[in-house]
Structures are given as structure tokens and as C-alpha cells.
Amino acid sequence: AQSVTQLGSHVSVSEGALVLLRCNYSSSVPPYLFWYVQYPNQGLQLLLKYTSAATLVKGINGFEAEFKKSETSFHLTKPSAHMSDAAEYFCAVSDEGYSTLTFGKGTMLLVSP
Amino acid sequence: DAGITQSPRHKVTETGTPVTLRCHQTENHRYMYWYRQDPGHGLRLIHYSYGVKDTDKGEVSDGYSVSRSKTEDFLLTLESATSSQTSVYFCAISADRQNTEAFFGQGTRLTVV
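Computed from a predicted structure; not experimentally measured. (Residues numbered from 1 in each chain as written. Chains lettered and ligands numbered in written order. Predicted model: local features only at pLDDT ≥ 70, side-chain atom pairs only at ≥ 80, totals over all residues. Heavy atoms only, no water.)

Peer 1: Explanation requested: the environment of A:Gly8 in the structure shown.
Peer 2: All names here are of chain A. For Gly8, the location among the structural elements is in the loop between strand S1 (3-7) and strand S2 (10-14). Of the residues examined, Gly8 reaches a relative accessible area of 30% and is grouped as partly exposed. C-alpha of Gly8 to C-alpha of Phe90: the two residues are 82 residues apart in sequence and 12 Å apart in space. Not counting residues within four places of it along the chain, the set of residues in contact with Gly8 comprises Gly106 and Thr107. (Helix = DSSP H or I, 4+ residues; strand = E, 2+ residues; numbered from the N terminus. Buried < 20%, exposed > 50% of the residue type's maximum accessible area, 1.4 Å probe, protein only. Contact = heavy atoms within 4.5 Å.)

Pasting the structure below:
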């Protein structure tokens, strides 16, 4: 079975600071991994994805994530936070054995001036 | 933006009444999904479809049914709405079973009173 754990339901950073959102997964086979962002009252938008190519994945809005198999992690980072990054972020996993995405519970990113 | 439309966007209904939510896509994608989003739970899969008339249950399918008679439409029905089904419902579509490029609708906010 697949599962996703996002550490921290809320993360607060100052504008210009490093953003680090943590995601750990479990999967019995090589996974596909995703980060989605949700702005208030909107649907989810794909930020980036890992599909067994390069382990360092770059996404939209300056975000990137690194797949680390030994740590079963796929943490999301951005060097310098912007006020517009304030949103909820979801990590998700899929793999060859499933036709569905399994989501983490989400992390709300708060950015202060 | 991917062509995916949910209707209605907001609905208030009384306990015990049937409710149908509609998801319409113009992308001709094979896979369609219904999720519910609740605080502290992230997104949880209700039902999904892998083709016309082909559907399967997700993690939280009790109290819900679905139908897909055409590629473009995926209906979610609450046979007898309960207060525990108050939630935000999202439809998603994907061209492949691994969801390497899944697109989400804007959501339907359902309140059961």
C-alpha cells in the first residue's frame, strides 16, 4: 500500500527565507512522486513531479524537490520565499501498481513580511 | 488550463436528500476521479473511473455512488446526504493510470444541514 507523510501541518517563514516542506512516502515499487499547490478557494495545481528520470526535479515558481530513495523522501524547497508562495502544499505518490494518487494531509505555508 | 468543469460550485442541501455533482471534461482523458477534501485529512479518494462504465471504489466510498456513461462526464451521487458528507469535492482527470499529469477542477463546496 502507498502512503505519504507530510511533517508539519503549518510552516512559517519570512519573505526571502528558505522554504523546506517535508514529504516521506512508502511504496512497494518505484514510485512516482508529486507536489501540488492549492491557493485559497481553488483546485490543485501541479508544481513538479518525479517519474524516475533525474532525481532533482525543478518545478514552477522556483520550487524544486529531490528524490532520495534511501530516505524515502521527496522534500520541496525554494531558496527564497515570496509572499505569493503562501498556500497549501500537498505531496502525493503513485506507482505502477495503482491507478490512483495517494495524498499527504497537506502543509500550509505562511509567509510573513 | 485543462478543460475540466465541476457543477454546481456551491450547494446547500438537507440531510436525507439525494445530491448529484457533475464533472465534465473536454480533454478526452480516460481516467477521472472524485476526491473529498477535509481539514486535517488532505484529499481522499472516493471513486474513480478508468473508462466508460468502468468504475472502482476509493478509500472513502461509503455513502457515494458514481456513473460514467460518456467519456466526458463523471457523476458523483450522494444517495441520502448526511452532515458528515459536508466537504469540498474535487474532480480530477488524467490521461494515464499513474496520474503523471493530473488536472483538478475548481471544487464543489457542499454543505449538508
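So that's the structure; there's more coming.
Peer 1: Before we go on, may I ask you to explain the packing of aromatic side chains in this structure?
Peer 2: When we look at a pair of aromatic rings, we describe it by the centre distance and by the angle of the planes. Counted according to the given criterion, the structure contains 15 aromatic pairs over all chains. Consider the rings of A:Tyr36 and A:Phe103, whose centres lie 5.9 Å apart with planes at 50°: the pair is tilted. Note that A:Tyr36 is positioned in strand S4 (residues 31-38) and A:Phe103 in strand S10 (residues 102-103), a separation of 67 residues in sequence. Accessibility classification places A:Tyr36 together with A:Phe103 in one group, the buried group. Seen from their ring centres, A:Phe103 and B:Phe104 are 6.0 Å apart, and the 75° between their planes marks the pair as edge-to-face. Taken as a pair, A:Phe103 in strand S10 and B:Phe104 in strand S10 (residues 102-104) lie in two separate chains rather than in one. Residue B:Phe104 is classed as buried on the basis of its relative accessible area, which comes to 7%. Taken together, the ring pairs in this structure connect A:Phe34, A:Tyr36, A:Phe90, A:Phe103, B:Tyr33, B:Tyr35, B:Tyr48, B:Tyr50 and B:Phe104 into an aromatic cluster. (Phe/Tyr/Trp six-rings, centres within 6.5 Å; stacked < 30°, edge-to-face > 60°.)

Peer 1: Any chance you could explain the state of the cysteines here in plain terms?
Peer 2: In protein chemistry, a disulfide is the covalent bond that joins the sulfur atoms of two cysteines. A complete count under the given rule lists 2 disulfides over all chains for this structure. Covalent S-S linkage joins A:Cys23 and A:Cys91, the inter-sulfur distance amounting to 1.9 Å. The S-S bond linking A:Cys23 to A:Cys91 shows a torsion near -65°; that makes this disulfide left-handed. Placement of the pair is A:Cys23 in strand S3 (residues 19-26) and A:Cys91 in strand S9 (residues 87-95), with a sequence separation of 68 residues. Between the sulfur of B:Cys23 and that of B:Cys91 lies a disulfide, 1.9 Å long from S to S. Looking down the S-S bond of the B:Cys23 and B:Cys91 bridge, the torsion is -75°, so its handedness is left-handed. Linking B:Cys23 in strand S3 (residues 19-25) with B:Cys91 in strand S9 (residues 87-94), this pair joins segments that are 68 residues apart in sequence. (Disulfide = S-S within 2.5 Å.)

Peer 1: When you look at unusual backbone geometry in this model, what are you seeing that I'm missing?
Peer 2: Negative phi is the rule for most residues except glycine; trans is the rule for most peptide bonds. A cis amide bond, omega -10°, links B:Ser7 with the succeeding residue B:Pro8. Note that B:Pro8 resides in the loop between strand S1 (4-7) and strand S2 (10-13).

Peer 1: Can you walk me through the environment of B:Gly3 in this structure?
Peer 2: When you line up the elements, B:Gly3 lands in the segment before S1. For B:Gly3, the contacting residues outside a window of four places in its chain are B:His24, B:Gln25, B:Thr26 and B:Glu27.

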